[in-house]
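# Observations on the three-dimensional arrangement
Listed below, chain by chain, are the residues.
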Amino acid sequence: MVVADRYEMVCGLEVHVELQTKTKIFCGCTTEFGGEQNTHVCPVCLGMPGTLPVLNREVVNYAIRAGLALNCEIADFSKFDRKNYYYPDLTKNYQTSQFDLPICKNGGLEIEVDGVKKWIGITRAHMEEDAGKLVHSGETITTSDASSVDYNRAGVPLLEIVSEPDLRSIPEVLAYLEQLVQILEYTGVSDCRMEQGSIRFDVNVSLRPIGSEAFGTRTETKNLNSFSSVRRCMEYEVARQARALDDGEEVIQETRTWDEGRGITLALRSKEEAHDYRYFPEPDLVPIVIDRQWVEEIRKTLPELPRERRNRLQELGLSAYDAAVVTQTKAMADYFDQGLAQGAEAKSLANWVMGDLTRLLNSNQCQIVDSPVSAQQLVELIKLIDKGTLSGKIAKSVLEEMYASGKDAEQIVKEKGLAQISDEGALQGIIDGVIAANPQSVEDYHAGKERAIGFLVGQIMKATKGQANPGLVNQLLKKKLSD
Amino acid sequence: MAISREDVIYVAGLARLELNEQEIQDYTQQLNSILDYAAMLEHLDTEGVVPTAHAVPLHNVLREDEVKPSISHDKTLRNAPDAEEGFFRVPRISLT
């Protein structure tokens, strides 16, 4: 359904990201994923009466770190609040979160869609605890009369990152999410493993007639856990709202859920009631005061962020596309930088990393950090090509050999006698032989058939098992034929 | 009256409480007298006083990120009204 001719989409996102701590936010239980149900729990995260939470210092450190990377102001004074709602995924009937004094606010990040750069504001980022997991038994969710609850995840620290309603298209939304996840991965704030639920997305969408200033009524679809779900959910929701507006119906402000199997969103509850969370300050936790020294110490440990890296690599001559690919993950960007430090030329290094190395890693389901070919080894291979010792084509098979054996390029070249023949004397003899054996082609060439030379070059390459330096062969052959 | 009977019914609904007519009346009156009492604070001059975030003058009570043993499965479920296969079992609450 095309709606862009009459409606503009307005979207804001809430992203919940699990912080990379060893323990939960308010107790010493492990945050390790998996584990038998209800084994990573204690009286604190089970909400037993009389227990008291104590804030994990590392949660504050990660929140500051993420805030700095997302260009946020870090609050001097921050506190926790209770968000009250009744649902058995909570042990206490409230979630400990932050309401009016979040740790980070007023940040943002830059996205680029179709070559157009745009700043997307981040309203705030706050610390909170995750809830437990409900498993519904019975045939379907509606026919079972009971739910099973696992509280291993209850109390796992989250950072909720709330964007401004600055996003105007699905590509913008996806670009924002990609940037955000990349920054969180670079800074080590989260492992960003979506398949384990380390990042979850809530999508707020509304439509307004093109040219209208006022926002339309929005819906919020909660708990999406992949980029593809976000995209499909938004496509559905935009079409659904457009149909309602076309028919003169009102869009109801409500919370919806995404049904992955059916590819549709369903109403969960009306916003009015569900959002009356009756927040009040958490009396069991004291406020957090963050001085400038604390912030500056964390700032010093921030790595070079993806955007800065892309810009630096573009200055070295990479295209925007290549720069984006090699900085996709911090591990790949670090590998690339190690290669540059070994004196590689940026463009040819990018070609090898993005091409043959990535292909080998993918087909072996290997991460670049575990690559059997180190950046240094790869650069040595590239240098052999630059020196004319290896042809590009043979270098590809040498890389495969390096990948399989872990040996250096030079060693493989020596063992297998793969060095390119760049010795004029040696090539001259072979060229003479090929010319003598193919008088017809020589005649064709002299008759003006330029193509005939290609056949002769091919014969020479064949005679040398592809090891002849092709540039030199061409040069010598032409000289010989014009004699 | 700052709190109406509708407010009481609404808040009771949020708290999943079922109130009878007598209770609605009682709570309306009691909540109002609590608020009236607290309203005395409005007579104080609070010009220049920073809003109180916490009653105890402490901040940054933090623990290190060190794993402590969790409790046994057995203890975890001892107080559960119902349990099955290591899960807490609760009445199904449908949100849809």
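Rules of the game
- Residues numbered from 1 in each chain as written.
- Chains lettered and ligands numbered in written order.
- Predicted model: local features only at pLDDT ≥ 70, side-chain atom pairs only at ≥ 80, totals over all residues.
- Heavy atoms only, no water.
- Phe/Tyr/Trp six-rings, centres within 6.5 Å; stacked < 30°, edge-to-face > 60°.
- Helix = DSSP H or I, 4+ residues; strand = E, 2+ residues; numbered from the N terminus.
- Buried < 20%, exposed > 50% of the residue type's maximum accessible area, 1.4 Å probe, protein only.
- Pairing = 2+ DSSP bridges.
- Domains from an automatic or database assignment.
- UniProt positions renumbered as here; feature names shortened; annotations may be inferred.
- Contact = heavy atoms within 4.5 Å.
- Buried area = accessible area lost by both parts, 1.4 Å probe.
- Salt bridge = Lys/Arg side-chain N within 4 Å of Asp/Glu carboxyl O.
- Polar contact = N/O pair within 3.5 Å; in protein donor to acceptor, adjacent residues only side chain to side chain.
- Nonpolar A, V, L, I, M, F, W, Y, C, P; charged D, E, K, R; others polar.
- Axes fitted to C-alpha atoms, helices over the stretch in contact; angles between N-to-C directions.
- Left-handed = near helix turned anticlockwise from the far one by under 90°.
- 1 Å grid on protein atoms, 1.4 Å probe; cavity = no way out; pocket = protein on both sides within 12 Å on 5 of 7 lines; lining within 4 Å.
- Points joined across faces, edges and corners; volume = space filled by probe spheres on them.

Let us now look at the packing of aromatic side chains. Applying the stated rule across the entire model yields 6 aromatic pairs over all chains. Relative to F80 of chain A, the ring of F26 of chain A has its centre 5.5 Å away and its plane inclined at 80°; by these criteria the two rings are edge-to-face. Residue F26 of chain A is located in the loop between β1 (7-18) and β2 (55-56), and its partner F80 of chain A is located in the loop between β4 (77-78) and β5 (81-84); the two are separated by 54 residues in the primary sequence. One exposure class covers both F26 of chain A and F80 of chain A, and it is buried. Taking the centre distance of 5.3 Å and the plane angle of 65° together, the rings of Y151 of chain A and F88 of chain B count as edge-to-face. On the criterion of chain membership, the pair formed by Y151 of chain A in the loop between β10 (146-150) and β11 (157-163) and F88 of chain B in strand β3 (residues 87-91) is interchain, its members lying in two chains. For F88 of chain B, a relative accessible area of 13% corresponds to the buried category.

Okay, the pairing of β1 of chain A next. All names here are of chain A. Among the 12 residues of β1, 11 are classified as buried, and the element is accordingly described as predominantly covered. Of the strand pairs in this sheet, β1 and strand β12 (residues 199-209) are connected by 11 bridges, and their pairing is antiparallel. Bridge pairing in β12 links G12 to N204. For β1 and β11, the ladder comprises 5 bridges, and the chain directions are antiparallel. Each residue of the ladder has a partner; that of H16, found in β11, is E160.

Right, let's talk about the domain arrangement of chain A for a bit. Note on interface size: it is often stated as the accessible area lost on association of the parts. As assigned here, chain A comprises domain 1 (7-294), domain 2 (304-416) and domain 3 (424-482). A separation of 67 Å is found between the C-alpha centroids of domain 1 of chain A and domain 3 of chain A.

Per the UniProt record, "domain: Asn/Gln amidotransferase" (unreviewed entry) is annotated on residues 334-481 of chain A. Helix makes up 72% of residues 334-481 of chain A and strand 0%. Its end C-alpha atoms lie 50 Å apart.

Right, let's talk about the interface of chain A and chain B for a bit. Taken together, the contact between chain A and chain B spans 61 residues of the former and 33 residues of the latter. When chain A packs against chain B, close to 4,200 Å² is buried across both sides, 59% of that on carbon and sulfur atoms. Sorting the residues of chain A by area buried against chain B places R57, Y86 and V286 of chain A first, and these three jointly supply 13% of that buried surface. Inspection of the region where chain A meets chain B yields 1 salt bridge. One salt bridge connects R57 of chain A with E64 of chain B, and the closest N-O pair in it is separated by 3.0 Å. Across the chain A-chain B interface, the total number found is 24 residue pairs in polar contact (both at pLDDT 80 or more). Among the elements of the structure, β2, α1 (57-69), β9 (133-136), β10, β15 (264-270), α4 (271-274) and β17 (288-289) of chain A are those that each provide at least two residues to the side of chain A that touches chain B. Ranked by the residues each element gives to the side of chain A that touches chain B, the list is headed by β10 of chain A, at 5 residues. Its residues assigned to classes, the side of chain A that touches chain B comprises 31 nonpolar, 16 polar and 14 charged. With 4 bridges connecting them, β10 of chain A and β3 of chain B associate as antiparallel partners. Across the sheet, the residue bridging to S147 of chain A is V90 of chain B, located in β3 of chain B.

When two helices pack together, their arrangement is given by the angle between their axes and by how far apart the axes lie. Residues and elements named next belong to chain A. One way to put it is that helix α6 (residues 306-315) packs onto helix α8 (residues 330-341) with a least axis distance of 12 Å and a crossing angle of 35°. The hand of the α6/α8 crossing is left-handed. Where α6 abuts α8, its residues R309, R312 and L313 lie against K330, A333, D334, F336, D337 and L340.

The next subject is the sheet that holds β9 of chain A. In spatial order, the strands read β9(A)-β10(A)-β3(B)-β2(B); together these 4 strands make up an open sheet with antiparallel pairing. Edge positions in the open sheet fall to β9 of chain A together with β2 (83-84) of chain B, since each of these has one partner strand only. Looking at chain direction, β2 of chain B and β3 of chain B are connected through 2 bridges and run antiparallel. Within β3 of chain B, the position partnered with E84 of chain B by the bridge is F87 of chain B.

With that out of the way, let us pick up empty space enclosed by the protein. Applying the stated rule across the entire model yields 2 cavities of 30 Å³ or more. What the largest cavity holds in volume is close to 50 Å³. What lines the largest cavity is simply C45, D89, L90, T91, K92, E129, D130, A154 and G155 of chain A. Across the lining of the largest cavity, the residue classes tally to 3 nonpolar, 2 polar and 4 charged. Volume-wise, the second largest cavity comes out at about 40 Å³. Forming the walls of the second largest cavity are L55, L285, V286, P287 and I288 of chain A together with N60, V61 and L62 of chain B.

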